[in-house]
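In case you want the letters, here they are:
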Amino acid sequence: MIRFYNCKIIDFDGDVQVKEGLELWTKGEKIEYIGEHKKGDFEREIDCGGNVIMPGFKNAHAHSPMTFLRSYAEDLPLDRWLNEAVFPMESKLNDDYGVWFTKLAIMEYLTSGITSAFDMYFLPEAIYRAVKETGYRSVICGAVNNFVSNPKELEEEHIKYNKCGNGISHMLGFHAEYTTYIKIL
């Protein structure tokens, strides 16, 4: 069991409150205790120095493999950025590149307290491989949009990735109003 002590803990039960001077105990992946100090048998004890312990953030609309496009042509308006800069570069991607770019995104997420991502990118197998290899948690969101989706592929992905377990699942995700028209449904 691991003991985290000298903590501020954000309580999201009802009104959000910051509770000070508490400790939190974990056993494996589960929280065993939150409260005032009491005796226990620990394999490790961590002084939090008064810092905050809180639930991780969730990125609800990720495009993890797009890390390679950060700051690329950012001075363009959205339609030009997508059509003139992003889409031509994305056409060069494959799953191997997608795995590495997703791993980079995962490292960045973790430094910001993001513990899972809902990934709406068009390389689901690359995202799956990166998530599996790193032990991260992700929801692969079948990208319902005008470019890469069809109902048969989405159904196959849904069945495949929901059998994976270990923090990986699949949901349908409508990308955005400007990339998803009713006629594709």
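Parameters at a glance
Residues numbered from 1 in each chain as written. Predicted model: local features only at pLDDT ≥ 70, side-chain atom pairs only at ≥ 80, totals over all residues. Heavy atoms only, no water. Helix = DSSP H or I, 4+ residues; strand = E, 2+ residues; numbered from the N terminus. Expected span 1.5 Å × (residues − 1). Buried < 20%, exposed > 50% of the residue type's maximum accessible area, 1.4 Å probe, protein only. Contact = heavy atoms within 4.5 Å. Polar contact = N/O pair within 3.5 Å; in protein donor to acceptor, adjacent residues only side chain to side chain.

**What to know about helix H1 (residues 78–90)**
Given 3.6 residues to a turn, an α-helix orients residues that are three or four positions apart in the same direction. With 13 residues, H1 extends only 16 Å from end C-alpha to end C-alpha; this falls clearly short of the ideal 18 Å at 1.5 Å per step. Listing the buried residues of H1 in full gives Leu 82, Ala 85, Val 86 and Glu 90.

**Notes on the environment of Glu 45**
Mapped onto the elements of the fold, Glu 45 is located in strand E4 (residues 44–47). On the basis of relative accessible area, Glu 45 is assigned to the partly exposed category, the value being 44%. When the C-alpha atoms of Glu 45 and Lys 152 are compared, they prove to be 51 Å apart, with 107 residues separating the residues in sequence. When residues no more than four places from it in sequence are discounted, the contact partners of Glu 45 are Arg 3 and Tyr 5. Within the structure, the side chain of Glu 45 is placed 2.6 Å from the side chain of Arg 3, a separation counted as a polar contact.

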